[in-house]
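# Working through the structure, step by step
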Amino acid sequence: MKFLALWQLEQALLSDAMVRAIARMPEYGRRLEQEGKVLMRYHIVGAHGGAWIYDVDSHEELERLLAMAPVFNFARYTLHPLADMTGADMTGASDDG
């Protein structure tokens, strides 16, 4: 199951703890990429946050990985499940003829 997780920092919570959490995110992301749990990580230009594509086995695994993120308590997340469209017949046509 693939998910796009968009996260944006809550600037009202700006503190030394938030700054330390932000500094730990790159290493956390690299570790998840090495484990195959994060496929891509992007910074959202002009915003304080990111867009990460997760590849997980369950909703529970996604929840656990998000909760372990250093910025979890300082960010707002929006999750979008992703569907593979490569090779799919998007016209609705049937091969039955």
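Data block above holds the structure.
Sequence positions are assigned chain by chain, starting from 1 and proceeding in written order. Two thresholds apply to this predicted model, a pLDDT of at least 70 for residue-level local features and 80 or more for giving and counting side-chain atom pairs, whereas whole-chain, interface and lining totals are computed over all residues. To obtain the side-chain values, all non-hydrogen atoms of the structure were used and water was disregarded.

### Section: the pairing of strand 2 (residues 38–43)
Think of it this way: DSSP has to see at least two bridges between two strands before they count as a pair. Numbering of helices and strands starts at the N terminus; helices are DSSP runs of H or I of at least 4 residues and strands are runs of E of at least 2. Where strand 2 meets strand 3 (residues 49–55), 5 bridges bridge the pair, whose relative direction is antiparallel. Bridging from a neighbouring strand, R41 pairs with W52 of strand 3. Remark: 5 residues form the turn of the hairpin made by strand 2 and strand 3, two consecutive strands paired antiparallel; G46 in that turn has positive phi of roughly 80°.

### What to know about the pairing of strand 3
Remark: exposure states derive from per-residue accessible area (1.4 Å probe, protein chains only) relative to the maximum for the residue type, with buried under 20%, exposed over 50%, and partly exposed in between. Summarising burial for strand 3: 5 of the 7 residues are buried, a large majority. Pairing analysis gives 7 bridges linking strand 1 (residues 2–9) to strand 3, with the strands arranged antiparallel. Bridged to Q8 within strand 3 is G49.

### Here we look at helix 2 (residues 59–68)
Within the span of helix 2, buried status applies to E61, L62, L65 and L66. Angularly, the buried residues of helix 2 cover 130° about the axis, an arc narrow enough to put them on a single face. Exposed residues lying more than 90 degrees from the buried face of helix 2 are H59 and E60. Contact criterion: two residues are considered in contact whenever any of their non-hydrogen atoms come within 4.5 Å of each other. Residues of helix 2 that are buried make contact with strand 1, helix 1 (16–34), strand 3 and strand 4 (75–82). Arc definition: it is the arc formed by the directions from the helix axis to the C-beta atoms.

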